[in-house]
Amino acid sequence: MAGYSLKEVMNKPERLAPGHRMCAGCGATIGVRAVLRALHEEDHAVIGNATGCLEVSSYTYPYTAWEDSYIHNAFENAGATLSGVETAYRVLKKRGRIPAEDNYKFITFGGDGGTYDIGFQSLSGAMERGHDLVYVCYDNGAYMNTGIQRSSATPQFADTTTTPVGKESNGKMQTRKDLAAIIAEHNVPYVAQTTLTKDFKDIHLKAEKAIYTEGAAFLNMLTPCPRGWRYDTPDVMKICQLAIDTCYWPMFEVDHGVWTLTYEPKNKLPIEDFLRAQGRFKHLFKPGNEDLIVQFQNEVDRRWEDLLYRCAK
Amino acid sequence: MSKKDRMSGNEAVAYAIRQINPDVMPAFPITPSTEIPQLVSTYIANGEMDTEFIPVESEHSSMSATVGAEAAGARSLTATSSCGLALMWEELLIAASNRMPCALALVNRTLSGPININCDHSDGMGARDTGWIQIYAETNQEAYDNFIQAYPIAEDKRVHLPIMICQDGFITSHAVQNIELNEDQDVKDFVGEYNPEEYLLNTGNPIAIGPYSISNYAMEARKAQEMAMENSKEVIIEVAKKYKEKFGRGFELFEEYRTADADYIMLIMGSAAGTAKQAVDDLREKGYKVGVLKLRVFRPFPADEIAKALSNCKAVAIMERTESYNGHGGPLASEVRAGLFENGINIKAVCYTYGLAGRDFTVEHVYSIFDELKDVDLNNKKVKQHRYINLRTKEEN
């Protein structure tokens, strides 16, 4: 989309007020603010939230950081909860109990645990029924709020508290679930995968498209967690860049069934560059574990090739 | 004005829902409540009502979406039975603690296992401490009348709690009986418009719902909920009076059937009250002074009122259509006995478990229970305080 100006969008009023209790260097908060900036200023919104870091840190009674109406229900039902809110909007509009000129948008945030795992059924139902809402997963690759337990979004070999590295263990055994592709297979109008880039253009444009495309939309955003990934907090943006430059986290969109790659690194970097910056992969760099990195690289390559094929590259 | 018809309990509740025409109904099929969302969907398909129906993918989601819709400012409801209610247990608590005045049509069915689709009260009783008002019905007529009273009770500013309108699976939900139906407009007038004070879609006044609450605040929220439940008793009575004035039917907290001079009373809830009343009529003809106390409102529990109603009898049979697995009776017995004790009423009270998973309960069983109460009272017969009725094998007494 032409006319994206970082300066302009950064000057919009914040819809997530400062003073919340998220960690320094947390990717989720940066991602949430980027998504909210895509809301047109004149539009109202109801924000949903699955239980997780974002919820407990942004709405601790009696304080809320949310400028818009906000609802947290439980861990596994952000999709269903917002389905109810969105349906209420349609019926109240139909029955004249909300002024015709009031325009509402519906966005819900869930971590990967609340989205890939326990909230998967509720999300799938909301997508299949086609509610006019956006489900945004802030994927930090583990149950960070409860203390870094593995989820189905956790990358292979990550050291988590339920896949600890030890004499008999190299961390998580399985590879990641590809949730964006699974939701795309629901044939919803818009699905995209994104992360934080220096100009926030990719996430902004995708969020805007997701919010303003009629029907159900899903946004999967990689948002590093300094506690779980064990990186230096100022490096959050660098790590996101490495995730896309190594093709660990490809950025793409599926717009009405058409798969498009939205970023292709000029030089695809080796996966070590992404892994090395994170304490959760430290064991991969011990002598004798070279084959694990090869395995990781092979999986990244296989998925990248598969994506290129889907995007008809 | 009313008109006479005949219909099943499910049809009667769906008919009431059509007349109320609430805003949002998410639901998921489960026997024996499935007909309610089916019938509502049919009314919508035929243009007889314009509620938004959400065909969710589970009961957990039906209650989650009900909470979402109610929070957004929409009058909402769902229907379920048995395992469906068990699956939404977490959400029942959240609906109540968020003070959502939504409604649930519960068609009582046993819980697994073994899996069985027939009636008992284990689903409703399992949800008894979730903070919902619970009103039980003997007949299709009562299920209908109770449902029309649901929103005026739940939405009252003194209450603001969710409400469960219960009827017995198959026995009430599927059996066709005569019924008096109110005129559509009369029902709409009785229920009134929903005007929530605070809701998500209230432009200019955004709100946040569902906070993380630390120990400094959470206990006060629970206390406020408890006070609302206490308040609901007077509101339930007021609404019942108003309903009776307008439509000529119904009871307040319970029905007292031939209890005024009764020596022995059977305290029972749900469809089996009809069987008990028939047996009482039979025994009265033979000169026995027996009666039935049919409980309508289980939450809030009218402990003092029940104790007072039992104060002049010599023994009471407390009939449980559920099992608590606590080794000494069911939930109804625990609460009734506590009420008697608090009020210093020292009568014999025997707890009988009957009708689990659809097991028959007949007038003969009622006769034998009254016989036993008499024996307990006059001959000081020692009986186990927790008895099963109509088991295949004779119970060890």
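Note that this is a predicted model, so its numbers are computed, not measured. (Residues numbered from 1 in each chain as written. Chains lettered and ligands numbered in written order. Predicted model: local features only at pLDDT ≥ 70, side-chain atom pairs only at ≥ 80, totals over all residues.)

## Here we look at the packing of helix α2 (residues 27–37) of chain A against helix α8 (residues 201–212) of chain A
Residues and elements named next belong to chain A.
Alright, step 1. Closest axis-to-axis distance for the α2/α8 pair is 8 Å, and the angle between their directions is 55°. One way to sum up the angle between α2 and α8 is to call them oblique. For the crossing formed where α2 meets α8, the hand is right-handed. Touching Gly31, Ala34, Val35 and Arg37 of α2 are Ile203, His204 and Ala207, all from α8.
Alright, step 2. Taken together, the residues of the contact of α2 with α8 break down into four nonpolar, two polar and one charged. (Axes fitted to C-alpha atoms, helices over the stretch in contact; angles between N-to-C directions. Helix = DSSP H or I, 4+ residues; strand = E, 2+ residues; numbered from the N terminus. Parallel < 35°, antiparallel > 145°, perpendicular 65-115°, else oblique. Left-handed = near helix turned anticlockwise from the far one by under 90°. Contact = placed C-beta atoms within 7 Å. Nonpolar A, V, L, I, M, F, W, Y, C, P; charged D, E, K, R; others polar.)

## Some details on the interface of chain B and chain A
Alright, step 1. Counting residues at the interface gives 36 residues for chain B and 38 residues for chain A.
Alright, step 2. When its residues are assigned to classes, the side of chain B that touches chain A shows 21 nonpolar, ten polar and five charged.
Alright, step 3. Across two bridges, strand β4 (residues 69–72) of chain A lies against strand β9 (residues 208–209) of chain B in parallel orientation. Within the sheet, the bridge partner assigned to A:Ile71 lies in β9(B) and is B:Ile209. (Pairing = 2+ DSSP bridges.)

## Quick look at the sheet that holds β4(A)
Each strand in a sheet pairs with its neighbour through backbone hydrogen bonds, running either in the same direction (parallel) or in the opposite one (antiparallel).
Alright, step 1. Here we have nine strands laid out as an open sheet, ordered β12(A)-β11(A)-β9(A)-β10(A)-β6(A)-β5(A)-β1(A)-β4(A)-β9(B), and mixed in their pairing. Strand pairing shows two members of the sheet lacking a second neighbour, β12 (258–261) of chain A together with β9 of chain B, which therefore form its edges.
Alright, step 2. Contacts between α2(A) and the sheet are confined to β5 (104–111), β6 (134–139) and β10 (217–222) of chain A, with β6(A) contributing the most and set at about 155° to the helix.

## A look at unusual backbone geometry
Alright, step 1. Of the consecutive residues B:Thr31 and B:Pro32, the connecting peptide bond is found in the cis state with omega at 0°.
Alright, step 2. The residue B:Pro32 is located in the loop between β2 (24–27) and α2 (35–45) in this model.
Alright, step 3. For the peptide bond that leads from B:Arg299 to B:Pro300, omega is 0°, which places it in the cis range.
Alright, step 4. With respect to the element layout, B:Pro300 can be found in the loop between β13 (297–299) and α11 (303–310).
Alright, step 5. The residue A:Cys247 is not glycine, and still its phi comes out positive at about 65°.
Alright, step 6. Within the secondary structure, A:Cys247 is located in the loop between α10 (236–245) and β11 (252–255).
Alright, step 7. Unlike most non-glycine residues, B:Ser82 shows phi in positive territory, near 45°.
Alright, step 8. Structurally, the position occupied by B:Ser82 is in helix α4 (residues 82–87).

## Considering the nonpolar core
Alright, step 1. Ranked by size, the top nonpolar core spans 214 residues in total, and within it A:Val85, B:Ala72, B:Ile165 and B:Leu267 carry the most contacts.
Alright, step 2. Mapping this core onto the domain boundaries places at least three of its residues in each of domain 1 (2–247) and domain 2 (254–388) of chain B.
Alright, step 3. Discounting residues that sit within four places of it in the chain, B:Ala72 has contacts with A:Val46, A:Gly84, A:Val85, A:Ala88, A:Tyr89, B:Tyr199, B:Leu200 and B:Leu201. (Core = buried A, V, L, I, M, F, W, Y, C linked by C-beta atoms within 7 Å. Buried ≥ 20, exposed ≤ 12 C-beta atoms within 10 Å, placed from the backbone. Domains from an automatic or database assignment.)

## Quick look at the pairing of strand β9 (residues 190–195) of chain A
Residue and element names in this part refer to chain A.
Alright, step 1. Across the six residues of β9, six count as buried, placing the element largely inside the fold.
Alright, step 2. By the alternation rule, side chains of β9 split into Tyr190, Ala192 and Thr194 and Val191, Gln193 and Thr195, which are all buried.
Alright, step 3. As judged from the six bridges shared by β9 and β10, these two strands associate in the parallel manner. When the bridges of β10 are listed, glutamine 193 appears paired with asparagine 220.
Alright, step 4. Since β9 and β10 lie parallel, the crossover through α8 that links them has a hand, and here it is right-handed.
Alright, step 5. Strand direction decides the pairing type here: β9 and β11, joined by four bridges, are antiparallel. If you follow alanine 192 over to β11, its bridge partner there is glutamate 253. (Right-handed = clockwise from strand over helix to strand, strands pointing away.)

## Considerations on the domain arrangement of chain B
Residue and element names in this part refer to chain B.
Alright, step 1. In terms of domains, chain B is made up of domain 1 (2–247) and domain 2 (254–388).
Alright, step 2. If you average the C-alpha positions of domain 1 and of domain 2, the two centres end up 28 Å apart.
Alright, step 3. Contact residues are listed per partner, giving 24 residues for domain 1 and 21 residues for domain 2.
Alright, step 4. The set of elements that each furnish at least two residues to the side of domain 1 that touches domain 2 consists of α6 (122–126), β6 (133–136) and α9 (215–247).

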